Amino acid sequence: MSMPLLELCNISRIFTRNDGVFDKLARRLAIGRPLENLVAVDNVSMVVNRGETVGIVGESGCGKSTLGRVAVQLLAPTSGKVCFEGKDIATLPAEEARRARFKLQMVFQNPYTSLNPRRRVGETVIEAAVAHGLVAKADARDAAIEAMGRVGLKPDFIDRFPHALSGGQRQRVGIARALAVDPACVVFDEAVAALDVSIQAQILELLVELRQNSSFASVFISHDLNVVRYIADRVVILYLGRVVETASTATLFDNPHHPYSRALMAEAPQLKAQKKTFTPIVGELPSPLSPPSGCQFHPRCPHAMPRCKTDQPMLRQLGDRHFSACHLEVGQGEEGRIEEAGKRKVVQA
Amino acid sequence: MAEPILSVSGLCTEVVSDERVARIVRDVSFDLYPGEILGVVGESGCGKSMMGFALLNLLDPPARVASGSVSYAGQDITKLPHEDLRGIRGNRIAMIFQDPMVSLNPVLTIGEQMMEAVLAHQNVSREEAKARTVEVLEMVGIPKPAERLKAYPHEFSGGMRQRVVIATAFLNQPDIIIADEPTTALDVTIQAQILAEVQKMAAQNGTAVIWISHDMSLLSGLADRVMVMYAGQIVESGSTASIIEQPNHPYTRALMGAIPVPGRKKLEILRGFPPNLLGEFTGCAFAPRCPVARDHCEVERPELRGTELSHARCHYPLQEGARS
């Protein structure tokens, strides 16, 4: 296989509470609270190939946004390396690292806060491309109109301010800005979460179309399994900063192995003419400040065994590019799914 | 069928500014029955939230109920004086708002504000009120609720706060719960937990629920009946199963076509925007965006056609049987 476009190797990112001067002093004198470490991303490796869309799924606080930010170099990993076209970005000479960084772009979740309210749409879209010398200053206006055209924004939007745009139009501006520099990989961090279903459909179809016409790879971060299933070629499921399962979209949704993946799928709303009895996962998402021992999902897992409390399961290969971090054998614990199906009842009309 | 617990008739609301009048909710009528979960679906700005507010007479100037009635227990809520409304709001009819940070008082502990809601409406001791508070917090999955009563809202995560707001609505075992997109900001796992509780309340206590959402896939698993709103009007209403399997209004079909469901290769895209609500529509409000509109639709306003429980506002409904 050819060299992956973007490779994250054993990435960990730990956040430490930013203490005030008194806490620091107290700790020096050994009377204060010990420092608390929050492991947002714990030893995650993933690969993005050229032209591919990888979905990252998980609950709030599972580290999916942190991972996305590490991937585009907005955050430095605490350990591990990010390789772009086979080269570790951290060890590249400054000029080359800059070029690599700018091949990696991001589209943010909230289209209301990620645009500068005092800057006209055209400037927002084209500023980066001009600053990096991709577009001559004299051609900036034409280039902005072209970049906006690619995402379906009319040329007369160029002199408007973000407040005059709807949510869907703003998200298009965010996408146009990311694509204007001809990126190799774009990270979409919950890019459609804040939008109405009808606008969400417009943006998803736009992404599908853009991907066909240009060859950028993408990482699509979302908590919505239906959206990820629609857009991604491959899916990574995170729980408390660790990868619990990853596979091609078809394999993962047809044949999920990890109990957490199965539980997530059972809970996702589906458009069915059948009333559903919602069966929540028992218990609470544990605090990432004090994660459970062994398999982090064991306190909530319906199939937990004694060894799950002590042994952390490693990612195990189950099939072609299908990995799962669970002690269960393939086929074990499947009864849960049949039970779930039996709980659905037909609505009496 | 039993007697409706809430009966809404010809409800219209408007917002007046600079001598211009925006008519946000236009002639909405429906009945709500005990134990029923009624879903209200539509895009942002279709008037679904304002309708929810109007049901409890919660509109503040410049917004107001212009005409119509909301009858509950033989009284018209839109005409009741404030003292009488206090006995109903939060007690017999509870509302769950979208943003938990706005609905909770930041300077009171969770326990204080929740117990206040019990003590205001029920003649019970503080101990009993506390026990009830702990009980409902447990229902929505707050771990160790008795210890968390002393916590302030800022000590809770967004999802936990929203669960507190939802638990508060459960406190007095209301007859009706009006929920305005309360789970939009929550994870699917927590959403499932709350939906499970709501279903249980409706089935066991006969609580009627009005669940406002923009997501038809969520309502499909939850609601018994669905009303689709567009430009302040009900454009279609019927049992959830019939709406999903045989939608009559092109807008309903477009809303569902936009949802990424397994196996769908292309999402349906609804072009354009909902209409300006300042003026009157000459024809069908949806005609400019409608994929199957004909000349006639631009001229004549369609009326709701069908039975009381299943109807659509369309000149050319999609199902054969509904055409006249």
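Looking at an unreviewed UniProt entry, chain B carries the name ABC transporter ATP-binding protein, with the source organism given as Kiloniella laminariae.

An unreviewed UniProt entry annotates chain A as ATP-binding cassette domain-containing protein originating from Kiloniella laminariae. In the Subcellular location (unreviewed entry) part of its UniProt record, chain A is described as follows: "Cell inner membrane".

To continue, consider the overall build of chain A. The number of helices and strands found in chain A is 11 helices and 12 strands. The globule rule puts the C-alpha radius of gyration for 349 residues at 20 Å, and the 22 Å found for chain A is close to it. Seen through its C-alpha atoms, chain A measures out along the principal axes to roughly 70 × 70 × 45 Å. Counting every position in chain A, which comprises 349 residues, the buried fraction comes to 51%. Here the analysis covers contacts within chain A between residues at least 6 apart in sequence; of these, 67% occur between residues at least 24 apart. Carbon together with sulfur atoms contributes 53% to the accessible area of chain A, which is approximately 16,300 Å² in total. The averaged location of the 37 negative side-chain charges in chain A is 4 Å from the averaged location of its 43 positive side-chain charges.

Looking now at the pairing of strand β9 (residues 225-230) of chain B. All names here are of chain B. With six of six residues buried, β9 lies mostly within the body of the structure. Side-chain alternation along β9 places R225, M227 and M229 on one buried face and V226, V228 and Y230 on a second face that is also buried. Relative to β9, strand β3 (residues 37-41) runs parallel, the two sharing four bridges. Across the sheet, G39 pairs through a bridge with V226, a residue of β9. Across six bridges, the pairing between β9 and strand β10 (residues 233-239) is antiparallel. Bridge assignment links Y230 to a residue of β10, and that residue is Q233. Linkage of β9 to β10, two consecutive antiparallel strands, is achieved through a turn of two residues, within which A231 is found at a positive phi near 50 degrees.

Right, let's get into the packing of aromatic side chains. Scanning all chains against the criterion turns up eight aromatic pairs over all chains. Relative to F286(B), the ring of Y251(B) has its centre 5.2 Å away and its plane inclined at 65 degrees; by these criteria the two rings are edge-to-face. Note that Y251(B) is positioned in helix α11 (residues 250-257) and F286(B) in the loop between α11 and α12 (295-299), a separation of 35 residues in sequence. We classify F286(B) as buried; its relative accessible area is 2%. Ring pairs connect the aromatic residues Y239(A), Y260(A) and F297(A), which therefore count as one cluster. Sitting above the plane of the F157(A) ring, R160(A) keeps its charged end 4.4 Å from the centroid.

Further remarks concern the pattern of salt bridges. All names here are of chain B. Applying the stated criterion across every chain yields a total of 23 salt bridges over all chains. Its salt-bridge partner being E14, residue R64 comes within 2.7 Å of it at the nearest N-O pair. With R64 in strand β4 (residues 63-72) and E14 in strand β1 (residues 6-17), this pair connects stretches of sequence that are 50 residues apart. The class of E14 is buried, set by a relative accessible area of 13%.

Moving on, we come to the interface of chain B and chain A. Listed per partner, the contact involves 44 residues of chain B and 35 residues of chain A. Remark: the boundary between chain B and chain A carries one salt bridge. Residues K266(B) and E205(A) are paired through a salt bridge, measuring 2.8 Å at the closest nitrogen-oxygen approach. Across the chain B-chain A interface, the total number found is 11 residue pairs in polar contact (both at pLDDT 80 or more). For the side of chain B that touches chain A, the elements supplying multiple residues, two or more each, are α7 (158-170), α8 (188-205), α9 (216-222), α10 (240-245) and α11 of chain B.

Rules used throughout
- Along each chain, numbering runs from 1 in the same order as the chain's sequence is written.
- Ligands are numbered from 1 and chains lettered from A, in the order in which they are written.
- Under the rules for a predicted model, residues below a pLDDT of 70 receive no local features and side-chain atom pairs below 80 are neither given nor counted, while totals for whole chains, interfaces and linings still include all residues.
- Side-chain calculation: all heavy atoms of the structure are included, whereas hydrogens and water are not.
- UniProt positions are given in the numbering used here, feature names are shortened, and annotations may be inferred rather than shown by experiment.
- The secondary structure listing takes helices from DSSP runs of H or I that are at least 4 residues long and strands from runs of E that are at least 2 residues long, numbered from the N terminus.
- The globule rule is 2.2 Å times the number of residues to the power 0.38, and the radius of gyration it is compared with is taken over C-alpha atoms.
- Per-residue accessibility, obtained with a 1.4 Å probe over protein chains only, is compared with the maximum for each type, and a residue is labelled buried under 20%, exposed over 50%, and partly exposed between these values.
- Here, residues are in contact when the closest pair of their heavy atoms is within 4.5 Å.
- Per-residue and other accessible areas were derived by the Shrake-Rupley procedure at a 1.4 Å probe size, with only the shown protein chains allowed to occlude residues.
- None of His or the chain ends enter the tally, which takes Lys and Arg as positive and Asp and Glu as negative.
- A charged residue contributes its charge at one atom only: NZ of Lys, CZ of Arg, CG of Asp or CD of Glu.
- Pairing between strands is defined by DSSP: at least two bridges between the two strands are required.
- Between the rings of Phe, Tyr and Trp (Trp by its six-membered ring), a pair exists once the centres lie within 6.5 Å; its type follows the angle of the planes, with under 30 degrees stacked, over 60 edge-to-face, and the other angles tilted.
- Charge-over-ring placement is defined geometrically: NZ (Lys) or CZ (Arg) within 6 Å of the ring centre, and within 35 degrees of the ring normal.
- Take a side-chain nitrogen of Lys or Arg and a carboxyl oxygen of Asp or Glu: if they are within 4 Å of each other, that pair is a salt bridge.
- Polar contact is the term for a pair of N or O atoms within 3.5 Å; when the atoms are in protein, one must be able to donate a hydrogen and the other to accept it, and sequence-neighboring residues count only if both atoms are side-chain atoms.

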